[in-house]
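A structural walkthrough
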Amino acid sequence: MCGIVGYIGPRNATPIIMNGLKKLEYRGYDSAGIAVLENGGIEVRRDAGKLERLSKLVQDSPIKGKLGIGHTRWATHGEPNTRNAHPHLGMTGDVVVVHNGIVENFTTLKDELISEGAEFQSETDTEVIVHLIERYLSENDLTTAVQKALSLLKGAHGIVVMSKNEPDKIIAARIGNAGGVVLGIGQDEMFIASDLPAILEHTRKMIFLESHQMAVVTRQGVKVTGMDGKEIDAEVHNVPWDPVSAEKGEYRHFMHKEIHEQVRSLTDTIAGRVDFETATIQLPSLNLTPELVKKINKIVIIACGTASYAGMVGKVLIERIARIPVEVEIASEFRYADPIVDARTVVLAISQSGETADTLAAMEEGRQKGAILWSIVNAIGSQAMRIADGFISMQVGPEIGVASTKAYTAPLVDLYMLAILLGDMRGTLDEKKRRQLVEDLRLVPDLAGRCLDREEEVKKVAESLLEVDNALYLGRGVNMPTAFEGALKLKEISYIHAEGYPAGEMKHGPIALIDADLPVVVIAPRDPWYDKMFSQIEQAKARGGRVIAVATEGDELIQSEADQVLFVPETPWLLSPVTTVIPLQLLAYHIAAQRGLDVDQPRNLAKSVTVE
Ligand code: AGP
């Protein structure tokens, strides 16, 4: 989950790379560096810490050139310090490399290289790559030397290399699922990045390298090959994302902006997919046929973190609407579980980045077992989108904040639409019911907007929680996942320990936790589980607990019983997880922001976990 940016063209590479790294900083940020070819030599600037330290270094000691590569790092091997920051030079100073991923066999390679006389300057696994390239450069050109070096690496990698002796090119390569390598095609200039936002302002024509592909990038264009050097006719995508949407606008944090974008993002994820006249759903990128849909006897949803909680909501939606059995599996478990899936099983991956290593590996496991592979993905051109037999794009634009928000509510609606389509195609959904479900969908963006309109009420509750050390979130039925997601939002950006729990399970142990110091967030909208949740509130109060309820507007009963209430508008219960989560997103955001924490780049986290 490191950030990589490269440039070759007529302009000064330094500002282009530095601005690009700034847009990728959310991917990993414990050190950063840049290398530029200047006056025939490679100039490198690197520093530990946030990108602003590197910016200051470059300002104090400028470098200028028409060819360069840069990197922001989320450390895996070696302390996050200057010595271990990328880019890494070899011994000759002729070649420089930036890398995203893990060289799983780096100790063996390092020992071998040291025995050949290589001297290492860092503790990173990456440095073995540049020494390997130098080993082969004595008898090969840069392209061949890179091919030979990469053929020895185990693990998953995104790599960008340049050499002062071949100043007309940059080489990029991708092996496995270590995060993308995107090639941006400009006018007499080319861009390389690990993710779209870094280069969106320069071009929207993109090539996405697949695993085991290399690219020789020159000012005139790019030659994509396999690792064997055989040329590949790579598809050029026209990416619709505009650069403005990747900026914060008037918001202090990307997360706050993205929470407020949910009226737009929910509208966008529905757009073009619903015919409200005929009450029908179209999801053409899933490549469904009546025969395929009829043969499905099970759907296994695989995902990580927030995406897995969306999958838990999807289970309720698909089982209730389409009557297809659904299992939800954490991707990091599924990949090693020797799962029982076959040609009648759909393995459905949910992933904002489309590059999460565990999720991609779980997809591969499904593929090996002959399953049908679908994905619901946000990042255009990402691996999870490309390797699936069919996909649904979330269509919510770049999500920069590490804590996922709009890329949680969008897949809830995508899963709801999928359930209607499958039910309709399998004949398990009658016309009347289908019309009602589609009509309810029309309400969603406005209902989300009404939740956002209550932000000041949420902010007041947040102010009363700034000093707590723990919190418990309880939900049931279609809103049980809301409890997990609300708790995850709080813990990952405020560092307060928060636990989501199935409300019905409280009496089997956790109710022992209840006391005046433990805020209990109870998600109790008017849904089929309302009565159970109301009695949950009574039980918590009876034990001296402090209850913050998420309740439906006008619910005076809960208002009289709970200590504080976060109201949401009346919502059809199958869609209620879209509205009940919004006050919990805002609650977590305001607690973290008022605690002065780094909301968009929480400690230890990265936006896309592209390593195991
Ligand atoms: C959510 O706020 C976290 N950032 C994390 O749980 C995330 O949802 C998870 O890593 C999955 O990421 P993906 O959707 O990009 O696969």
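Below: a short report on this structure. Because the structure is a prediction, the values reported are computed rather than measured. Position labels on residues start from 1 in each chain and follow its written sequence. For this predicted model, a pLDDT threshold of at least 70 governs which residues receive local features, and a threshold of 80 or more governs which side-chain atom pairs are given and counted, while totals over whole chains, interfaces and linings are taken from all residues. With hydrogens and water set aside, each side-chain value is computed from the structure's full complement of heavy atoms.

By definition here, a salt bridge exists when the distance from a side-chain nitrogen of Lys or Arg to a carboxyl oxygen of Asp or Glu is within 4 Å. Tallied over the entire structure, the rule returns 37 salt bridges. Its salt-bridge partner being Asp 188, residue Arg 219 comes within 2.9 Å of it at the nearest N-O pair. Highlighted residues: Arg 219 in the loop between strand E12 (213–218) and strand E13 (221–226) and Asp 188 in the loop between strand E9 (182–185) and strand E10 (190–193), separated in sequence by 31 residues. Relative accessibility thresholds used throughout: buried, under 20% of the residue-type maximum; exposed, over 50%; partly exposed, between the two (1.4 Å probe, protein chains only). Look at Asp 188 and you get partly exposed, because its relative accessible area is 38%. The closest approach of N and O atoms between Arg 442 and Glu 439, which form a salt bridge, is 2.9 Å. Separated by 3 residues within a single helix, Arg 442 and Glu 439 lie in helix H14 (residues 431–452), roughly one turn from each other. One network of salt bridges, in which partners are shared, links Asp 424, Glu 431, Arg 434 and Arg 435. Where helices and strands are cited, they refer to DSSP runs of H or I of at least four residues and of E of at least two residues respectively, numbered from the N terminus.

A separate point is the site of the ligand. For this purpose, a residue is taken to be near a molecule or strand whenever a single non-hydrogen atom of the residue falls within 4 Å of it. Neighbouring residues of the ligand: 14 residues in total, closest Ser 351, Ser 353, Thr 356, Val 402 and Glu 492. Gln 352 places a main-chain nitrogen or oxygen 2.7 Å from an oxygen atom of the ligand. Here an oxygen atom of the ligand sits 2.7 Å away from a polar atom, N or O, in the side chain of Ser 353. Protein contact buries 90% of the 410 Å² of open area that the ligand shows by itself. Secondary structure elements with two or more residues in the shell around the ligand: helix H9 (305–322) and helix H16 (480–494). Polar contacts, as counted here, are pairs of nitrogen or oxygen atoms within 3.5 Å of one another; within protein the pair requires one atom able to donate a hydrogen and one able to accept it, and residues that are adjacent in sequence qualify only if both atoms are side-chain atoms. Where accessible areas are quoted, they stem from the Shrake-Rupley method and a 1.4 Å probe; at the residue level, only the protein chains shown are allowed to cover.

Moving on, we get to the nonpolar core. Definition of nonpolar core: a set of buried residues of the types Ala, Val, Leu, Ile, Met, Phe, Trp, Tyr and Cys, connected through side-chain atoms within 4.5 Å. Within the largest apolar cluster, 96 residues are counted, with the highest numbers of intra-cluster contacts made by Ile 299, Trp 374 and Tyr 473. Of all the elements, helix H13 (residues 406–426) adds the most residues to this core, at 13 residues.

Of all 8 residues in strand E2 (residues 31–38), 7 are buried, a share of seventy percent or more. In this sheet, strand E3 (residues 41–48) lies alongside E2 in antiparallel orientation, the contact comprising 8 bridges. Bridge assignment links Ser 31 to a residue of E3, and that residue is Ala 48. In this structure, the hairpin formed by E2 and E3 is closed by a connection of 2 residues, where Asn 39 is found at a positive phi of approximately 50 degrees. In this analysis, strands are considered paired if DSSP registers two or more bridges between them.

Below, the discussion takes up the packing of aromatic side chains. Stacked, edge-to-face and tilted labels apply to pairs of Phe, Tyr and Trp rings (six-membered ring for Trp) whose centres lie within 6.5 Å, assigned for plane angles under 30 degrees, over 60, and everything in between, in that order. Taken as a whole, this structure holds 3 aromatic pairs when the rule is applied. Ring plane angle 50 degrees and centroid distance 5.4 Å describe the contact between Tyr 7 and Phe 191, whose orientation is recorded as tilted. Of the two residues, Tyr 7 sits in strand E1 (residues 3–8) while Phe 191 sits in strand E10, which places them 184 residues apart along the sequence. By relative accessible area, Tyr 7 is classed as buried at 0%. Look at Tyr 309 and Phe 484: their rings are 5.7 Å apart centre to centre, the planes differ by 20 degrees, and that puts the pair in the stacked class. With a gap of 175 residues between them, Tyr 309 in helix H9 and Phe 484 in helix H16 connect regions that are remote in the sequence. The same class applies to Tyr 309 as to Phe 484, namely buried. The ring centre of Phe 276 lies 4.3 Å from the NZ or CZ of Arg 442, which sits over that ring. Either the NZ atom of lysine or the CZ atom of arginine qualifies as a charge over a ring when it sits within 6 Å of the ring centre and within 35 degrees of the ring normal.

Quick look at the sheet that holds E9 now. The sheet built from 8 strands is open, its strands ordered E3-E2-E4-E1-E10-E9-E11-E14 with antiparallel pairing. Looking at which strands have only one partner, the edges of the open sheet turn out to be E3 and strand E14 (237–238). With 6 bridges joining them, E2 and strand E4 (residues 67–73) adopt antiparallel strand pairing. When the sheet's bridge partners are listed, Ile 34 is paired in E4 with Gly 70. This element, helix H1 (residues 13–24), spans E1, E2, E4 and E10 of the sheet and lies at about 155 degrees to E1. Packed on one face of the sheet, helix H2 (residues 51–60) meets E2, E3 and E4 and runs near 140 degrees to E3. Residues are treated as being in contact if the distance between any of their heavy atoms lies within 4.5 Å. Inter-axis angles, ranging from 0 to 180 degrees, are taken between N-to-C directions of lines fitted to C-alpha atoms, where helices are fitted over the stretch in contact.

Attention shifts here to unusual backbone geometry. Cis geometry marks the peptide bond from His 86 to Pro 87; its omega dihedral reads 0 degrees. In this structure, Pro 87 sits in the loop between E4 and strand E5 (88–89). With a phi close to 60 degrees, Gln 395 is a non-glycine residue in the positive phi region. Looking at where Gln 395 falls in the secondary structure, it is placed in the loop between strand E21 (390–393) and H13.

A few words now on the sheet that holds strand E7 (residues 157–163). Across the sheet, which stays open at both edges, the 6 strands sit in the order E5-E6-E7-E8-E12-E13 with antiparallel pairing between neighbours. Taken across any chain shown, the strands that pair with only one partner, and hence form the sheet edges, are E5 and E13. Relative to strand E8 (residues 170–175), E7 runs antiparallel, the two sharing 5 bridges. Across the sheet, Ile 159 pairs through a bridge with Ala 173, a residue of E8. The strands touched by helix H4 (residues 127–137) within the sheet are E5, strand E6 (95–101) and E7, with E6 carrying the most contacts at an inclination of about 135 degrees.

Now for H13. What a helix should span is 1.5 Å times the count of its residues minus one. An ideal rise of 1.5 Å per residue puts 30 Å on 21 residues; H13 measures up with 30 Å between its terminal C-alpha atoms. Once H13 ends, the next one or two residues include Gly 427, with phi positive near 75 degrees.

Let's shift gears to the packing of H9 against H13. In the contact formed by H9 and H13, the axes pass within 9 Å of each other and the chain directions differ by 25 degrees. One way to sum up the angle between H9 and H13 is to call them roughly parallel. The element H9 and its partner H13 pack so that their crossing is right-handed. On H13, the residues that touch Thr 306, Tyr 309, Ala 310, Val 313, Gly 314, Leu 317, Ile 318, Ile 321 and Ala 322 of H9 are Tyr 408, Pro 411, Leu 412, Leu 415, Tyr 416, Leu 418, Ala 419, Ile 420, Leu 422, Gly 423 and Arg 426. Among the residues forming the contact of H9 with H13, the class breakdown is 16 nonpolar, 3 polar and 1 charged. Each angle receives one of four descriptions, namely roughly parallel if under 35 degrees, roughly antiparallel if over 145, roughly perpendicular if within 65 to 115, and oblique otherwise. Here is the rule for handedness: rotate from the far helix to the near one, and if that takes an anticlockwise turn smaller than a right angle the crossing is left-handed, while a clockwise turn gives right-handed. Residue polarity follows a fixed list, in which Ala, Val, Leu, Ile, Met, Phe, Trp, Tyr, Cys and Pro are nonpolar, Asp, Glu, Lys and Arg are charged, and the others, Gly among them, are polar.

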